[in-house]
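Topology and contacts: notes
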Amino acid sequence: MNKQGHSALAFLAGSVTSVAALTASPMSTSLEVIGFAGVVCAASIVGGLAPDLDHKTSTASQKIQLSPRKRKLMRALSGIFLFIGFVLILLGYSIQAGAIWIGAGIIAGSLARLRTIILLASGALMLIGYAVYDWHWMALFTGAALLIMPFVKHRWIIHSPEFAIVLSLGLFVLGSQYPGLVMASCLGFIVGWWSHLFGDIFGNDGIRSLFVPKFKIALRLFDNGGAAERMISKLCQLFSILIWVLYGLVL
Ligand SMILES: [Zn+2]
């Protein structure tokens, strides 16, 4: 499934979850209802797109990297700058000038690999938070996940049900310590994440278990981004709207 299908499915999952939670423990003012549902649905869309951070060209990844053309340009510039820098130093022209060119080459190279660097840096921050500031163990888990993200195969660890189970448990425990909007965000992210795995099951690649790789579900019902997916997206949007209209009428 592509971005359109995943976000529509996640929005539907977020809407169902919000209405279920609101029915189980009703809120007194409509402002509270809108705040709660808004946070759950927004978090579910983020959660519904996040698993594809393990894919270099997914929508989630595009948010944290330059366009393919600019990446290519930066890689080329990086090579040229490094070359000039080393030539200047090796020919004994000027070490300072050489160092500046090499520095520029490293910066251009980093810009070409912005996604890797952002993922590694946020992962490292999470681990530091856990080690130094006693953050929740979810910080350790998320940090480790972000650190491996640039290096793992698409639809492997990050797309496995085992990862989803640990992530859900952790977020749920974290959320229950801070009821209100933190819990709403955790809940939304969890259902969005599962809706993503659910959506990927229908495609050709499917998802597989981390520990029992033979256990793989791929229903091969439609192609990524094809007409069937577009129709399912539209249906999910329609159902989400229906759910909220019905909820509004009953209230
Ligand atoms: Zn996916």
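We now turn to the structure provided with this report. The residue numbering used here restarts from 1 in each chain and proceeds along that chain's sequence as written. Given that this is a predicted model, residues contribute local features only at a pLDDT of at least 70 and side-chain atom pairs are listed and counted only at 80 or more, while totals for whole chains, interfaces and linings are drawn from all residues. Based on all heavy atoms of the structure, the side-chain values leave hydrogens and waters out of the count.

1. Some remarks on the coordination of the zinc ion
Threshold: For Na, K and Ca the donor cut-off is 3.2 Å; for every other metal, N, O and S atoms count as donors within 2.8 Å. Water does not enter the count, which can leave sites looking incomplete. Working rule for geometry: tetrahedral if four donors all subtend angles between 85 and 135 degrees; square planar for four, octahedral for six, if opposite donors exceed 155 degrees and the others stay between 65 and 115; irregular in every other situation. Helix numbering and strand numbering both begin at the N terminus, where a helix is a DSSP run of H or I of at least 4 residues and a strand a DSSP run of E of at least 2. For every residue, the accessible area obtained with a 1.4 Å probe (protein chains only) is divided by the maximum for its type, and the residue is called buried under 20%, exposed over 50%, and partly exposed between those limits.
Note on the zinc ion: its protein donors are D52 (OD), H159 (NE2), H196 (NE2) and D200 (OD). The metal-donor distances range over 2.1 to 2.3 Å. Geometry at the zinc ion is irregular, judged from the four donor atoms that bind it and their angles of 84 to 173° at the metal. Going along the chain, you hit the donors of the zinc ion in the pattern D-x106-H-x36-H-x3-D. Residue D52 is found in the loop between helix 2 (30-49) and helix 3 (59-62), and its partner H196 is found in helix 9 (residues 181-201); the two are separated by 144 residues along the sequence. Residue classification places D52 among the buried positions, given a relative accessible area of 10%.

2. Here we look at the state of the cysteines
Using the following cut-off: What counts as a disulfide here is a pair of cysteine sulfur atoms lying within 2.5 Å.
In the structure shown here, the tally under the stated rule is zero disulfides. Here C186 is not cross-linked by a disulfide; its sulfur's nearest cysteine counterpart is in C41, at 15 Å. Relative accessible area serves as the criterion here: at 7%, C186 is assigned to the buried category. With no disulfide of its own, C236 lies closest to C41 among cysteine sulfurs, the gap being 13 Å. Overall, the relative accessible area of 6% leaves C236 in the buried class.

3. Notes on the packing of aromatic side chains
We apply this condition: Ring pairs shown here join Phe, Tyr and Trp side chains whose ring centres sit within 6.5 Å, with only the six-membered ring taken for Trp; geometry is labelled stacked below 30 degrees between planes, edge-to-face above 60, and tilted in between.
By the definition in use, this model includes six aromatic pairs. Plain terms: the ring middles of F198 and F202 are 5.1 Å apart, the flat faces sit at 90° to each other, and that makes the pair edge-to-face. Here the aromatic cluster, defined as three or more aromatic residues joined through ring pairs, consists of F141, F163, F189 and W193.

4. Concerning the packing of helix 2 against helix 9
Worth spelling out the cut-off: Fitted lines through C-alpha atoms serve as axes, helices being fitted only where they are in contact, and the angles separating the N-to-C directions of these axes extend from 0 to 180 degrees. Crossing chirality is assigned from the near helix's rotation relative to the far helix, an anticlockwise turn below a right angle marking it left-handed and a clockwise turn marking it right-handed. Two residues qualify as a contact provided that any one of their heavy atoms is within 4.5 Å of a heavy atom in the partner residue. In the scheme used here, Gly and all other residues not listed as nonpolar or charged are polar, with Ala, Val, Leu, Ile, Met, Phe, Trp, Tyr, Cys and Pro taken as nonpolar and Asp, Glu, Lys and Arg as charged.
Where helix 2 contacts helix 9, the axes come no closer than 6 Å and their chain directions differ by 40°. Of the two possible hands of crossing, helix 2 and helix 9 adopt the one that is right-handed. When helix 2 is examined against helix 9, the residues G35, F36, V39, V40, A43, S44, V46, G47, G48 and L49 are found in contact with a partner set consisting of L181, A184, S185, G188, F189, V191, G192, W193 and H196. Of the residues belonging to the contact of helix 2 with helix 9, the class tally is 11 nonpolar, eight polar and no charged.

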